[in-house]
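The residues making up each chain are set out below.
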Amino acid sequence: MTDETSAAPATGPASATQMPAPGPDTRLALAGQSPWRDVGRQFRSHKGAVLGLAFLILVTLFCAFGPWLWPVDPGDLDVRNKDLRPIYHALWDREARVAWAHPLGSDNLGRDLLASLIAGGRVSLAVGWTAMLLALVIGTGVGVLAGYFRRLDGTLMRLTDLVLALPLLPLLLVMMLLFRDSLRAAFGPETGIFLLIVAAIGVTSWMHTARIVRGDVLALKEREFVLAARSIGTPARRMIPRHILPNVMSPIMVSATLGLASAIITESALSFLGLGFPSDFPTWGKLLFDQTDRMADFPERVLWPGLAISLTVLSVNYIGDGLRDALDPRIRGR
Amino acid sequence: MLAFTIRRLLLAVPTLVVIGLVVFLLLDMAPGDPLADQPLTIPPEVREEMRRALGLDQPSWVRFGLWLYQFFVVEPQVAVDHLFGTSFSEGKARVISWQFKQPVMDIIAQRLPQTLWVVGSAYVVGVLIAIPIGIVSAVRQYSVLDQIGTFVSMVGFSVPTFFTGVLLIVVFSVNLGWFPSIYDTQLQVTDWGSFLQQLRQMALPVFVLALFNAAQISRYMRASMLDNLSQDYVRTARAKGMDERTVVLRHVLRNSMIPVVTVIALGVPSVFGGAIITEQVFKVNGLGQLLITAINANDLPMVQTLTFIFAVLIVLFNLIADVLYGVLDPRIRYD
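Residues numbered from 1 in each chain as written. Chains lettered and ligands numbered in written order. Predicted model: local features only at pLDDT ≥ 70, side-chain atom pairs only at ≥ 80, totals over all residues. Heavy atoms only, no water.

By the naming in an unreviewed UniProt entry, chain B goes by ABC transporter permease and is assigned to Rubellimicrobium aerolatum. Checking UniProt for chain B, the heading Subcellular location (unreviewed entry) contains the comment "Cell membrane". Its UniProt record gives chain B the following Sequence similarities (unreviewed entry) comment, quoted word for word: "Belongs to the binding-protein-dependent transport system permease family." (UniProt positions renumbered as here; feature names shortened; annotations may be inferred.)

J.: Sorry if this is basic, but what is going on with the overall build of chain A here?
T.: Looking only at helices and strands, chain A has 14 helices and 0 strands in total. Written out in order from the N terminus, the α and β elements of chain A read α-α-α-α-α-α-α-α-α-α-α-α-α-α. By residue count, 48% of the 334 residues in chain A fall in the buried class. Here the analysis covers contacts within chain A between residues at least 6 apart in sequence; of these, 73% occur between residues at least 24 apart. (Helix = DSSP H or I, 4+ residues; strand = E, 2+ residues; numbered from the N terminus. Buried < 20%, exposed > 50% of the residue type's maximum accessible area, 1.4 Å probe, protein only. Contact = heavy atoms within 4.5 Å.)

J.: What should I look at first to understand the overall build of chain B in this one?
T.: Counting secondary structure elements, chain B contains 11 helices and 0 strands. Counted from the first residue to the last, chain B has its helices and strands arranged as α-α-α-α-α-α-α-α-α-α-α. Relative to its full complement of 335 residues, chain B shows a buried share of 44%. Put simply, 69% of the contacts in chain B that link residues at least 6 apart link residues at least 24 apart.

J.: In this structure, what is going on with unusual backbone geometry? I would like to understand it.
T.: Peptide bonds are, in most cases, trans, and in most cases residues other than glycine have a negative phi. All names here are of chain B. In this model, Tyr 142 sits at a positive phi of 65°, which is unusual for a non-glycine residue. Relative to the helices and strands, Tyr 142 is located in the loop between α4 (104–139) and α5 (144–158). A residue is classified by how much of its surface remains accessible, and Tyr 142, at 40% relative accessible area, is partly exposed. Positioned with a positive phi, Asn 298 is a non-glycine residue whose angle comes to about 60°. Turning to its location among the elements, Asn 298 is positioned in the loop between α10 (287–296) and α11 (300–328).

J.: Explanation requested: the UniProt feature "transmembrane region" (unreviewed entry) in chain B in the structure shown.
T.: Residues and elements named next belong to chain B. Mapped onto the present numbering, the UniProt feature "transmembrane region" (unreviewed entry) falls at residues 116–139, 151–178, 198–215, 257–277 and 308–328. Across residues 151–178 one finds 82% helix and 0% strand; the C-alpha atoms that close the span lie 27 Å apart. Regarding residues 198–215, the helix share stands at 100% and the strand share at 0%, and the terminal C-alpha atoms are separated by 25 Å.

J.: Looking at this model, I keep getting lost on the interface of chain A and chain B. Mind explaining?
T.: Accessible area lost during the coming together of the parts is what is often quoted as the interface size. The interface of chain A with chain B comprises 39 residues on the first partner and 41 residues on the second. Taken together, the two surfaces of chain A and chain B that pack against each other cover about 3500 Å², and 83% of this comes from carbon and sulfur. Our count for the chain A to chain B interface comes out at 1 salt bridge. Its salt-bridge partner being Arg 219 of chain B, residue Asp 321 of chain A comes within 3.6 Å of it at the nearest N-O pair. Secondary-structure elements contributing two or more residues to the side of chain A that touches chain B are α6 (150–165), α7 (168–187), α12 (249–272) and α14 (299–327) of chain A. The element best represented in the side of chain A that touches chain B is α14 of chain A, accounting for 13 residues. Residue composition of the side of chain A that touches chain B, by class: 31 nonpolar, 5 polar and 3 charged. (Buried area = accessible area lost by both parts, 1.4 Å probe. Salt bridge = Lys/Arg side-chain N within 4 Å of Asp/Glu carboxyl O. Nonpolar A, V, L, I, M, F, W, Y, C, P; charged D, E, K, R; others polar.)

J.: Mind showing me how you'd approach the packing of aromatic side chains here?
T.: Given two aromatic rings, one states the distance between the centres and the angle between the planes to describe the pair. A full pass over the atoms with the stated rule returns 13 aromatic pairs over all chains. Consider the rings of Phe 65 of chain A and Trp 68 of chain A, whose centres lie 6.3 Å apart with planes at 50°: the pair is tilted. Of this pair, Phe 65 of chain A and Trp 68 of chain A are both found in helix α4 (residues 47–69), 3 residues apart, which corresponds to roughly one turn of the helix. Ring centres of Phe 71 of chain B and Phe 308 of chain B lie 5.1 Å apart, and the angle between their planes is 85°; this geometry places the pair in the edge-to-face category. With Phe 71 of chain B in helix α3 (residues 60–84) and Phe 308 of chain B in helix α11, the pair connects residues that are 237 residues apart, well separated along the chain. The residues Phe 71 of chain B and Phe 308 of chain B share a single accessibility class, namely buried. An aromatic cluster is defined as three or more aromatic residues linked by ring pairs; in this entry it consists of Phe 24, Phe 64, Trp 67, Phe 71, Phe 72 and Phe 308 of chain B. Here the guanidinium or amino end of Arg 301 of chain A rests over the ring plane of Phe 298 of chain A, the centre of that ring lying 3.9 Å away. Above the face of the Phe 157 of chain B ring, Arg 219 of chain B is positioned so that its terminal group lies 5.8 Å from the ring centre. (Phe/Tyr/Trp six-rings, centres within 6.5 Å; stacked < 30°, edge-to-face > 60°. Lys NZ or Arg CZ within 6 Å of the ring centre and 35° of its normal.)

J.: Would you explain the confidence of the model for chain B in this entry?
T.: Low-confidence regions, as indicated by low pLDDT, have predicted coordinates that should not be scrutinised in detail. Residues and elements named next belong to chain B. Summing up the model confidence of chain B, the mean pLDDT is 83 and the portion of residues at 70 or higher is 96%. Summarising per-element confidence for chain B, the mean pLDDT is lowest in helix α2 (residues 44–53) (79) and highest in helix α8 (residues 232–239) (91). Across the whole predicted complex the pTM is 0.83, and at the interface the ipTM reaches 0.82. (pLDDT = per-residue confidence, 0-100.)

J.: Just to check I follow, could you spell out α4 of chain A for this structure?
T.: Note on helix geometry: an α-helix contains 3.6 residues per turn, so any two residues three or four positions apart are oriented the same way. Residues and elements named next belong to chain A. Within α4, the axis deviates most sharply at Cys 63, by approximately 40°, and proline Pro 67 lies no more than four positions further along. Taken residue by residue, α4 has Ala 49, Gly 52, Leu 56, Val 59, Cys 63 and Gly 66 as its buried positions. Contact partners of the buried residues in α4: α3 (35–44), α5 (113–148), α13 (284–291) and α14. (Bend = angle between axes of the 7 residues up to and from the residue.)

J.: Explain the environment of Asp 280 of chain A to me, please; I cannot follow it from the model alone.
T.: Residues and elements named next belong to chain A. Mapping Asp 280 onto the fold places it in the loop between α12 and α13. Look at Asp 280 and you get exposed, because its relative accessible area is 60%. C-alpha of Asp 280 to C-alpha of Gly 75: the two residues are 205 residues apart in sequence and 7.2 Å apart in space.

J.: Would you explain the side chain of Thr 257 of chain A in this entry?
T.: Tracing the chain through its elements places Thr 257 of chain A in helix α12. Beyond its immediate chain neighbours, meaning those up to four positions away, Thr 257 of chain A contacts Val 316, Ile 319, Gly 320 and Leu 323 of chain A.

J.: Would you explain a nonpolar patch on the surface in this entry?
T.: Residue and element names in this part refer to chain A. Judged by side-chain polarity, Leu 53, Ile 57, Leu 61, Phe 65 and Trp 68 come together as a nonpolar surface patch covering roughly 550 Å² of accessible area. Counting through the fold element by element, Leu 53 comes out in helix α4. Residue Leu 53 is classed as partly exposed on the basis of its relative accessible area, which comes to 34%. (Patch = residues over 30% accessible without salt bridge, like charges linked within 9 Å, V, L, I, M, F, W, Y side chains within 5 Å. Areas by Shrake-Rupley, 256 points an atom, 1.4 Å probe, with all protein chains shown as cover.)

J.: What's the story with the packing of α8 of chain B against helix α9 (residues 244–282) of chain B in this structure? I'm lost.
T.: Two numbers describe a pair of packed helices, the interaxial angle and the distance between the axes. Residue and element names in this part refer to chain B. Between α8 and α9, the least distance of the axes is 10 Å, while the angle of their chain directions is 155°. If you check the angle between α8 and α9, you find them roughly antiparallel. Where α8 crosses over α9, the two elements pack in a sense that is right-handed. For the pair α8 and α9, contact is made by Tyr 233, Val 234, Ala 237 and Arg 238 and by Glu 244, Val 247, His 251, Val 252 and Asn 255, respectively. (Axes fitted to C-alpha atoms, helices over the stretch in contact; angles between N-to-C directions. Parallel < 35°, antiparallel > 145°, perpendicular 65-115°, else oblique. Left-handed = near helix turned anticlockwise from the far one by under 90°.)

J.: How should I be thinking about the pattern of salt bridges in this particular structure?
T.: It is possible for side chains bearing opposite charge to pair when their charged atoms get close. The tally for this structure, following the rule as stated, stands at 9 salt bridges over all chains. A salt bridge links Asp 321 of chain A to Arg 324 of chain A; its shortest N-O distance comes to 3.0 Å. One end of the pair, Asp 321 of chain A, and the other, Arg 324 of chain A, are both in helix α14, 3 residues apart, so they sit about a helical turn from each other. Across the salt bridge formed by Arg 238 of chain B and Glu 244 of chain B, the nearest N and O atoms sit 2.9 Å from each other.

J.: Help me out: how do you make sense of the environment of Leu 66 of chain B in this one?
T.: Residues and elements named next belong to chain B. Structurally, Leu 66 can be placed in helix α3. The class for Leu 66 is partly exposed, based on a relative accessible area of 43%. Along the backbone, Leu 66 and Ile 276 are 210 residues apart, and their C-alpha atoms lie at a distance of 28 Å.

Next up, the structure:
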């Protein structure tokens, strides 16, 4: 993807060995370095991935600390200042109603769009991260168990195939419908729906991770170091965390990025279909959905949440791309 | 190959039954009452009678068996009757929708053409866009065209269809006024003018779905072409003096299409899934919209049947992909 010149020729391990007199200690130091430093270098040479990571960090910080920077309650109804246009609108339209109190405008109930975006981002990102982690834990668990214990392999992989054959979006919608009321009653409207969405996305998106991890574990089991570890009597409960899991981290990390992207999209799709969070509880998808009826007059209200979703997912996908390149030893070090 | 196909077909039956059972058990937990929309003045014993008429007093395994029988025996019979004017299904109960009080399959048959038109043409357009982009990206790897193609496919892959749809509506139907934003299902294609109108109202939803599909397929196409371009047979073909055009379009393309064709087949069910969202954006009253309204109206037989049809599509196209892979690639032997 990237050209060789940008891949830091002075520090690469290949060029280190070509140096006239590197001295044994430098070489030792290089050999002793963790492989993650190599990965980091390769990752930094992927421009899209670096940009994506920067954007993701920016968005995360913006959503995490936004309420302190912009201390406006997203649920606050400022009825006198409803239907304001964003402040930049004044640049080309002198008559537009704008106010510095609402830099991105306000909606038909006078709620501040910037504050809603921050609040929505907090929820969307939180759902994305937790659902991704849940899917990752389930997927890795199933994959490692199926790959390591031959007795479980058949059953677990049949289960994976079965879940893959389920129509997931309809089932997600059905799950939202079925458990919404009972969870809302048990945990309150916000926590209940949050748990439901996270659980629903988590249990419907672990299958690809499980398949990839199982394949890698099967291959790892044939390697000498696993044989050596087994020959000194390492039981499975120590073998898996110490020898197996660290070696399947790279596919897990790549599928983590894919999982985060798809979890954010799924959450906003559910909200967009009206089966996500309750209406006074903003998420990016919900903001987009609520304002589609007025998008002809106020396009910015669908534009900003939509851009937020799209750019976040795009940057996560670029991070995944860069990670995949960086973690693939066949491309690394070029 | 035939033995493999038959074996896979036989294996698909228990898979589908288990999926049907999973969906059924999930829906069985639904809190809703199908008689909730009936007036409160109905006396309790009549209400009980109505429940019995809907079969709700039976244990769940009887209802599941009944649904299986109706879906796999009665509904095909109805279809045969409809096609050939026979009367196999006379007097047999069909799956009835609670919200429409009509057989579920009749409503699905009414809604299916809209979905098929939009989804089908979107997929064809998507594939037609994706394959040339993939070929050019691979042949001119790292060129400007490749960078643009990769970027566009990344964007198409990342931007959710509900946002692309909304964006296109704002630009093309609100500001420019070129295309209608709402799909008119009443439109009958009778002459040239109405055909053009049909094309115009299909343009936006088809474009949204096609962009999404093309993004995925072109990535596979590029990867597959790159895999093949470095093979020995390509060098041989070039060495014997074949011009580049023949090498790429005859030798590499045909071999690269093998995995891509299976990806295309595997993608069909997810396109139907994606159409659920697109139909909601453009207000196409197809199957996806039917599913959403059925979920909101607590119409369990409809939800059950539609979800099951989506599952059938997934299993069917998985099977088609496997069989195609074996047919196209003689190196693959299943037996």
